[in-house]
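Structural overview for review
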Amino acid sequence: MVREIIHLQVGQCGNQIGNVFWESICKDHQLSESGSLISDPETSKNKLRLQTEKMSVYFAESSDNKYVPRAIMLDTDPGPLEVVKAGRIGKMFNPDNYVAGASSVLGGYGRSYLTESSQIIEEYTEVLQKELEVKSQKKKKRVKTEKKRKGGEVQLCDSPQGFQVMHSLGGSTGSGLGTLLLEHLRNNYPTLVTSSFSVLPSQLIVETYHAILGLSQLIDHSHATFTIDNASLFNICKRTLKSSNPTYKDLNWITSLAMNGVTSSFRRVQNNNTKEEISLSQKKKKKKINYFYIVIAGDYRIPCKLNDDLHKMRLNLIPFPRLHFLLMSHYPFFKVDESKKVDTSVSTMTDYLWSSVSSLANIVPGDGKYLSDSFVIRGENVSMNIWDVFNMSSHMAEDFVNFIPNLIKITVIPLAPTYTPLNGTLLCNTTCIKNTFAALSSTFSQLFQRKTMLHRFTREGIDELQFSESHANVQSLISEYQDKQDVVVDLENELDAVDEENSIEQNNESDFYE
Ligand SMILES: Nc1nc2c(ncn2[C@@H]2O[C@H](COP(=O)(O)OP(=O)(O)OP(=O)(O)O)[C@@H](O)[C@H]2O)c(=O)[nH]1
Ligand SMILES: [Mg+2]
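Please read these numbers as outputs of a predicted model, since none were measured by experiment.

1. Let's talk about the overall build of the protein chain
Each helix and strand in the protein chain was counted, giving 18 helices and 15 strands. Every one of the 514 residues in the protein chain was classed for burial, and the buried ones make up 55%. Long-range pairs, those at least 24 residues apart, make up 82% of the contacts in the protein chain between residues at least 6 apart in sequence. A total accessible area of about 23100 Å² is found for the protein chain, and carbon and sulfur atoms account for 50% of it.

2. Details of empty space enclosed by the protein
Overall, the coordinates contain two cavities of 30 Å³ or more when judged by the stated rule. Lining the largest cavity are 14 residues, with Leu 257, Asn 260, Pro 417, Thr 418 and Asn 423 sitting closest to its centre. When residues of the lining of the largest cavity are traced back to their parent elements, those giving at least two are helix 1 (11-28) and helix 10 (248-267). A total of three residues in the lining of the largest cavity trace back to one element, the largest contributor, which is helix 10.

3. Focus: the pattern of salt bridges
Once the charged atoms of two side chains with opposite charge are near each other, the side chains can pair. Throughout the structure, instances matching the rule amount to nine salt bridges. As a salt-bridge pair, Arg 88 and Glu 33 come within 3.5 Å of each other at their nearest N and O atoms. In this pair, Arg 88 is assigned in the loop between helix 3 (78-86) and strand 5 (98-100) and Glu 33 in the loop between helix 1 and helix 2 (45-52), connecting sequence segments 55 residues apart. The exposure class of Glu 33 is partly exposed, given its relative accessible area of 42%. Among the salt bridges present, the one from Glu 480 reaches Arg 322, with a minimum N-O distance of 3.0 Å. Residue Glu 480 is found in helix 17 (residues 464-486), and its partner Arg 322 is found in the loop between helix 12 (310-317) and strand 12 (325-331); the two are separated by 158 residues along the sequence. Judged by relative accessible area, Glu 480 falls into the partly exposed class, the value being 22%. Residue Arg 322 is classed as partly exposed on the basis of its relative accessible area of 24%. Ionic contacts of the salt-bridge type, sharing partners, join the residues Glu 23, Glu 33 and Arg 88 into one network.

4. Some words on unusual backbone geometry
Residue Tyr 331 is joined to Pro 332 through a cis peptide bond whose omega torsion reads 0°. In this fold, Pro 332 is placed in the loop between strand 12 and helix 13 (346-353).

5. Considering the site of ligand 1
Taken together, 15 residues lie around ligand 1, and Gln 16, Ser 172, Thr 173, Gly 174 and Asn 230 are the ones closest in. With respect to ligand 1, the side chain of Gln 16 contributes an N or O atom lying 2.5 Å from an oxygen atom. In the model, an oxygen atom of ligand 1 is placed 2.8 Å from a nitrogen or oxygen of the Glu 207 side chain. When the free accessible area of ligand 1 is taken as 640 Å², the share hidden by the protein chains comes to 85%. Residue assignment for the shell around ligand 1 shows that the elements contributing at least two residues are helix 1, helix 7 (172-188) and helix 10.

6. Brief notes about the side chain of Ser 222
Take Ser 222: it is sitting in the loop between helix 8 (205-221) and strand 8 (224-228). What makes Ser 222 buried here is its relative accessible area of 2%. Polar side-chain contacts of Ser 222 include one of 3.1 Å to the backbone oxygen of Ala 224. Residues within four places of Ser 222 in sequence aside, it is in contact with Leu 182, Arg 186, Thr 194, Ser 195, Ser 196, Gln 217 and His 324.

7. Quick look at the pairing of strand 14 (residues 408-413)
Within strand 14, six of the six residues are buried, which leaves it mostly tucked inside the rest of the structure. Burial of strand 14 is two-sided: the residues Ile 408, Ile 410 and Val 412 facing one way and the residues Lys 409, Thr 411 and Ile 413 facing the other way are all buried.

8. Considerations on the packing of aromatic side chains
Aromatic rings considered in pairs are described by the distance between their centres and by the relative angle of their planes. As enumerated under the stated definition, the model contains 24 aromatic pairs in all. Between Phe 21 and Tyr 58, the ring centres sit 5.9 Å apart and the planes meet at 70°, which makes this aromatic pair edge-to-face. Here Phe 21, found in helix 1, pairs with Tyr 58, found in the loop between helix 2 and strand 2 (59-61); they are 37 residues apart in sequence, far enough to count as distant. Centre to centre, the rings of Trp 253 and Tyr 419 are 5.5 Å apart; their planes meet at 80°, and the pair counts as edge-to-face.

9. Topic: the packing of helix 7 against helix 8
Running from N to C, helix 7 and helix 8 cross one another at 15°; their axes reach a closest spacing of 9 Å. Considering their axes alone, helix 7 and helix 8 lie roughly parallel with respect to each other. The crossing of helix 7 and helix 8 is left-handed. From helix 7, Ser 172, Ser 175, Thr 179, Leu 180, Leu 182, Glu 183 and Arg 186 reach across to helix 8, where they touch His 210, Gly 214, Gln 217, Leu 218, Asp 220 and His 221. Taken together, the residues of the contact of helix 7 with helix 8 break down into three nonpolar, seven polar and three charged.

10. Describing the pairing of strand 1 (residues 5-10)
Residues in a regular strand project their side chains so that they alternate between the two faces of the sheet. Where burial is concerned, most of strand 1 is hidden: six out of the six residues are buried. In strand 1, alternate side chains face the same way, and those of Ile 5, His 7 and Gln 9 on one face and Ile 6, Leu 8 and Val 10 on the other are all buried. Sheet analysis places strand 1 next to strand 6 (residues 162-168), joined by five bridges and oriented parallel. Paired with His 7 across the two strands is Gln 164, which belongs to strand 6. Where strand 1 and strand 4 (residues 71-75) come together, four bridges link them in parallel fashion. Each bridged residue has a counterpart across the sheet, and for Leu 8 the counterpart in strand 4 is Ile 72.

11. Structural notes on the environment of Glu 464
Its location among the elements puts Glu 464 in helix 17. With 16 residues separating them in the primary sequence, Glu 464 and Phe 448 have C-alpha atoms 9.2 Å apart. Leaving out residues up to four positions away in the same chain, Glu 464 has contacts with Phe 448, Lys 451, Leu 454 and Thr 458.

So, how was this worked out
- Residues numbered from 1 in each chain as written.
- Chains lettered and ligands numbered in written order.
- Predicted model: local features only at pLDDT ≥ 70, side-chain atom pairs only at ≥ 80, totals over all residues.
- Heavy atoms only, no water.
- Helix = DSSP H or I, 4+ residues; strand = E, 2+ residues; numbered from the N terminus.
- Buried < 20%, exposed > 50% of the residue type's maximum accessible area, 1.4 Å probe, protein only.
- Contact = heavy atoms within 4.5 Å.
- Areas by Shrake-Rupley, 256 points an atom, 1.4 Å probe, with all protein chains shown as cover.
- 1 Å grid on protein atoms, 1.4 Å probe; cavity = no way out; pocket = protein on both sides within 12 Å on 5 of 7 lines; lining within 4 Å.
- Points joined across faces, edges and corners; volume = space filled by probe spheres on them.
- Salt bridge = Lys/Arg side-chain N within 4 Å of Asp/Glu carboxyl O.
- Near = heavy atom within 4 Å.
- Polar contact = N/O pair within 3.5 Å; in protein donor to acceptor, adjacent residues only side chain to side chain.
- Phe/Tyr/Trp six-rings, centres within 6.5 Å; stacked < 30°, edge-to-face > 60°.
- Axes fitted to C-alpha atoms, helices over the stretch in contact; angles between N-to-C directions.
- Parallel < 35°, antiparallel > 145°, perpendicular 65-115°, else oblique.
- Left-handed = near helix turned anticlockwise from the far one by under 90°.
- Nonpolar A, V, L, I, M, F, W, Y, C, P; charged D, E, K, R; others polar.
- Pairing = 2+ DSSP bridges.

As structure tokens, this is what we get:
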């Protein structure tokens, strides 16, 4: 059964990055600009299966064998949506799924959150309901007749798994409308997962206000948020694209590579090698490293359902519901025409991924502790020495909180990415994200104390209390991350105690039989 994801892109930033993301996954699935599958006689049956089997997660198949992105494009300002429409893949999207505000007159957060939103939410709810229509025998019949009648589109889901919202926290629309949508989705579809790709704000005054309001909403209404920091993207562009003055186009290209990696395990079939897993756990026992657990998926024999949807990702990576701000790292980043020059050895990749240089958030990993990690590696015939990864992970034991088992999960997708023979994406839940939020909180306090530019918000109906409450929510999140970082469990003693208990039980049993 297909578990569909509905993608929503909001505001200028959301629509620009969203557009590049769709271009990237269309290329990945060999789709043309009109949404047809590009057939290549040289593609093997197995490769074709890997490429298409889970395509319905992000695409609906139309009656004329075209693939239509399950995407809704929203903005209070119609301008950015016109750009998407006129873009290379603009015609692939369902034309009914562009939802714009009534006028192009720019307003602030209040307009996006309070005034304009009611009209947009009404329109978008209708679009969303169509996207989420679930297949039933009756509907299938109806669709068949509709197809005959007007060659119309088939926009039905098998069993939707959730949503991903792409937006910036600095923009008034991205933050205001973006998080309002998350709240709406969370309240109306409580069994589905709400996730977001959220671009952190710059240091501008109004962006700081937007971000505090938006972040508080994300804490309450998103199940999983992938954080993206433009400052970090800038550094990556300078270093790897050798661009002295990176543009949004460069930044978005980098982001699309990482987003492609993150979503590939939702879109791809994976396989599992049970033998490796068994021998690994036996060796672990000998080594007495009981709190490290690595799952390898890497053979073609037994299909494995690891991390293959939003629910499982949430289950594996988010041990505490509010601490759901994930960091993405990716390797390799490159200029399109220089993809052949990249070193794609597994060892180089793992070195890069666990350092700060490949992270899309501006963090220093050593400033915090990992709560969990998930590593997706893509490539045909990946000859990965799992013991190297295991040993490396063992060296990193100090970098993790030691009270959570099953820390690193590794997924191998046996299909090469578009440009390079191999790539890897790391998703981390780490407490060092609190430093980013603490910096934001400190800038906010300075501005709010003096009520700098606060009138722009109060005159549009945003109460000062909303700011104080949102800020308190963010501060509490920072403390929660700190608390988890500070916990130290004496694992050796705990394990010895368990061993002792077990041996007493065994002795008692043998006494009984004697
Ligand atoms: N990475 C990236 N960041 C962007 C892009 N466009 C805007 N931003 C960032 O997003 C923030 C501004 O948000 P926008 O998306 O432009 O604003 P909006 O959501 O349309 O809201 P309005 O203020 O109502 O226009 C700033 O921090 C920008 O640096 C983009 O294409 N890529
Ligand atoms: Mg805008």
